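Okay, here's what each chain looks like letter by letter:
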Amino acid sequence: MRIVDAHHHLWDPGVVDYALFRQAPRLAAVTAPHRAHDFDAVARASGISEAVAVEAASAGADPVEETRWLFGEVARSSVTRRVVAYAPVERPDIEAYLVALKHEHPALAGVRRTFETAAPGYAFSDAIVSGVHAVARAGLPFDLVLFADRLSDAVELVRRAPEATFVLDHLGKPRLERRVPDEWKATLAALAKLPNVVAKVSGLVTEAPDGRWDAALVRPYVDHAVACFGWQRLMFGSDWPICDLAGGYARWLDFAREVAATASAAEREAFFCGTADRVYRAAAA
């Protein structure tokens, strides 16, 4: 079966400066250069067919500089074919920004703007909603990245832009606990009721205390996501190289295969490649 990694990162702090890397000591182990050839080696060792690189300008880099560098890296990759780039959707000239981005970069498959540190309610402010309408008109999906305590803001944003396609990164980044938080469960269920949302099973294990996890800790979160979205609206992602802080690529992929083992063949195909292909349809040949 083909496997598409729908979420990984590339960076080289020696070329593009990421302010957050200097402010987050826990990231020190992964802030060395992680370039396209590094990911290609890891992906091929795990049998990954294709991949989607996701912006990291949200970590405090200059968006224009990072976007230019990221597309240049992807052009040299043997695995990564698509890019979710940063887009400042609150800007009044976002329409022109997206037109230029699509024209300059054929590998563009979606855009993202972080709400991880945004004030409550900002994710569904008039400026953001207007910008997301522009993203939809451009025919691009919009990745949502925010912490679980802001997940209700995502619900409101999606309700205000029903024509857009949204991709929830990392299932909303819930804190992993032995008892799955009721608030996250309820809000994820509310989000899943909106038909224009899909979600990535990615980035979960680094939310475990000290990055220590086992299948029994993580599986209830994935099971709840499956109950809410169904396998057809979920996609696999590694969050490499961040996943290296919590056991590494191969361990996460092994877990994903294990948890999907009870799904039907069609459901596994959707999870591991079909949904990513459908949503990020602007893949380069």
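Residues numbered from 1 in each chain as written. Predicted model: local features only at pLDDT ≥ 70, side-chain atom pairs only at ≥ 80, totals over all residues. Heavy atoms only, no water.

**Student:** Which residues make up helix α4 (residues 94–104), and what values do they have?
**Tutor:** Residues of α4 that are buried: Ile 94, Tyr 97, Leu 98 and Leu 101. Viewed along the axis of α4, the buried residues span an arc of 95°, placing them on a single side of the element. Within α4, the exposed residues directed more than 90 degrees away from the buried face are Ala 96, Val 99 and His 103. In this structure, the buried residues of α4 make contact with α3 (63–75), β3 (80–86), β4 (108–112) and α5 (126–137). (Buried < 20%, exposed > 50% of the residue type's maximum accessible area, 1.4 Å probe, protein only. Helix = DSSP H or I, 4+ residues; strand = E, 2+ residues; numbered from the N terminus. Arc of directions from axis to C-beta. Contact = heavy atoms within 4.5 Å.)

**Student:** Talk me through the nonpolar core; I want residue IDs and the actual numbers.
**Tutor:** Core analysis: the biggest nonpolar cluster contains 99 residues, and Phe 142, Leu 144, Phe 166, Val 218 and Leu 234 have the highest contact counts within it. If one sorts the elements of this core by residue count, helix α8 (residues 215–229) sits on top with eight residues. For Phe 142, the contacting residues outside a window of four places in its chain are Val 89, Val 111, Arg 112, Arg 113, Phe 115, Val 132, Val 135, Leu 157, Thr 165, Phe 166 and Val 167. Residues Val 4, Val 198, Ala 276 and Tyr 280 belong to the second largest nonpolar core, which totals 13 residues. (Core = buried A, V, L, I, M, F, W, Y, C linked by side-chain atoms within 4.5 Å.)

**Student:** Before we move on, can you summarise the pairing of β3 with the specific residues and values?
**Tutor:** A large share of β3 lies buried, amounting to six of its seven residues. Across four bridges, strand β2 (residues 50–54) lies against β3 in parallel orientation. Paired with Ala 51 across the two strands is Thr 80, which belongs to β3. The parallel pair β2 and β3, bridged by α3, forms a crossover whose chirality is right-handed. The pairing of β3 with β4 spans four bridges and is classified as parallel. Paired with Val 83 across the two strands is Leu 108, which belongs to β4. (Pairing = 2+ DSSP bridges. Right-handed = clockwise from strand over helix to strand, strands pointing away.)

**Student:** Summarise the layout of surface pockets; cite the residues concerned and give the values.
**Tutor:** Reported here for the largest pocket is a volume of approximately 580 Å³. As for the largest pocket, its lining consists of 25 residues, of which Leu 20, Leu 27, Ala 59, Glu 116 and Lys 173 are closest to the centre. Counted by class, the lining of the largest pocket contains ten nonpolar, nine polar and six charged residues. Residue lining of the second largest pocket: Val 64, Thr 67, Arg 68, Tyr 97, Ala 100, Leu 101, Glu 104 and His 105, and that is the complete set. At the level of secondary structure, the elements contributing two or more residues to the lining of the second largest pocket comprise α3 and α4. With four residues, α4 is the largest single contributor of residues to the lining of the second largest pocket. Residues of the lining of the second largest pocket, tallied by class, amount to four nonpolar, two polar and two charged. (1 Å grid on protein atoms, 1.4 Å probe; cavity = no way out; pocket = protein on both sides within 12 Å on 5 of 7 lines; lining within 4 Å. Points joined across faces, edges and corners; volume = space filled by probe spheres on them. Nonpolar A, V, L, I, M, F, W, Y, C, P; charged D, E, K, R; others polar.)

**Student:** Got a sec to walk through the packing of α8 against helix α9 (residues 249–259)? Specific residues and values, please.
**Tutor:** Their axes nearest at 11 Å, the elements α8 and α9 cross at an angle of 55°. Taken together, the axes of α8 and α9 lie oblique to each other. As for how α8 packs across α9, the hand of that crossing is right-handed. Of the residues in α9, those touching α8 at Ala 215, Val 218, Arg 219, Val 222 and Asp 223 are Trp 252, Phe 255, Glu 258 and Val 259. Within the contact of α8 with α9, the residues separate by chemical class into six nonpolar, no polar and three charged. (Axes fitted to C-alpha atoms, helices over the stretch in contact; angles between N-to-C directions. Parallel < 35°, antiparallel > 145°, perpendicular 65-115°, else oblique. Left-handed = near helix turned anticlockwise from the far one by under 90°.)

**Student:** With reference to specific residues and values, describe α3.
**Tutor:** Structurally, the α-helix is built with 3.6 residues per turn, so residues lying three or four positions apart point the same way. Compared with the 18 Å implied by 1.5 Å per residue over 13 residues, the 18 Å span of α3 between its first and last C-alpha is a close match. Listed as buried for α3 are Glu 66, Thr 67, Trp 69, Leu 70, Phe 71, Glu 73 and Val 74. (Expected span 1.5 Å × (residues − 1).)

**Student:** Now, about the packing of aromatic side chains: what can you tell me, with residues and values included?
**Tutor:** As enumerated under the stated definition, the model contains 15 aromatic pairs in all. On the numbers, 6.1 Å between centres and 70° between planes, the contact of Trp 213 with Trp 252 is edge-to-face. Note that Trp 213 is positioned in the loop between β7 (197–201) and α8 and Trp 252 in helix α9, a separation of 39 residues in sequence. Summarising the burial analysis for this pair, Trp 213 and Trp 252 share the class buried. Here Trp 213 and Phe 255 contribute two aromatic rings whose centre-to-centre distance is 5.7 Å and whose plane-to-plane angle is 80°, an arrangement assigned as edge-to-face. Placement of the pair is Trp 213 in the loop between β7 and α8 and Phe 255 in helix α9, with a sequence separation of 42 residues. Take Trp 213 and Phe 255: they sit in the same class, and that class is buried. Directly above the ring of Trp 213 sits Arg 251, whose terminal nitrogen or CZ lies 3.9 Å from the centroid. (Phe/Tyr/Trp six-rings, centres within 6.5 Å; stacked < 30°, edge-to-face > 60°. Lys NZ or Arg CZ within 6 Å of the ring centre and 35° of its normal.)

**Student:** Before we move on, can you summarise the pattern of salt bridges with the specific residues and values?
**Tutor:** On inspection of all chains with the given rule, the structure shows 21 salt bridges. The partner of Arg 113 in a salt bridge is Glu 90, with the nearest N and O atoms 3.2 Å apart. Remark: Glu 90 occurs in the loop between β3 and α4 and Arg 113 occurs in the loop between β4 and α5; sequence separation between them is 23 residues. Owing to a relative accessible area of 25%, Glu 90 belongs among the partly exposed residues under this scheme. Across the pair Asp 182 and Arg 179 runs a salt bridge, and its minimum N-O distance is 3.1 Å. Its relative accessible area of 45% is what places Asp 182 among the partly exposed residues. Each of Glu 55, Arg 112, Asp 143, Asp 169 and Lys 200 takes part in one network of salt bridges that share partners. (Salt bridge = Lys/Arg side-chain N within 4 Å of Asp/Glu carboxyl O.)

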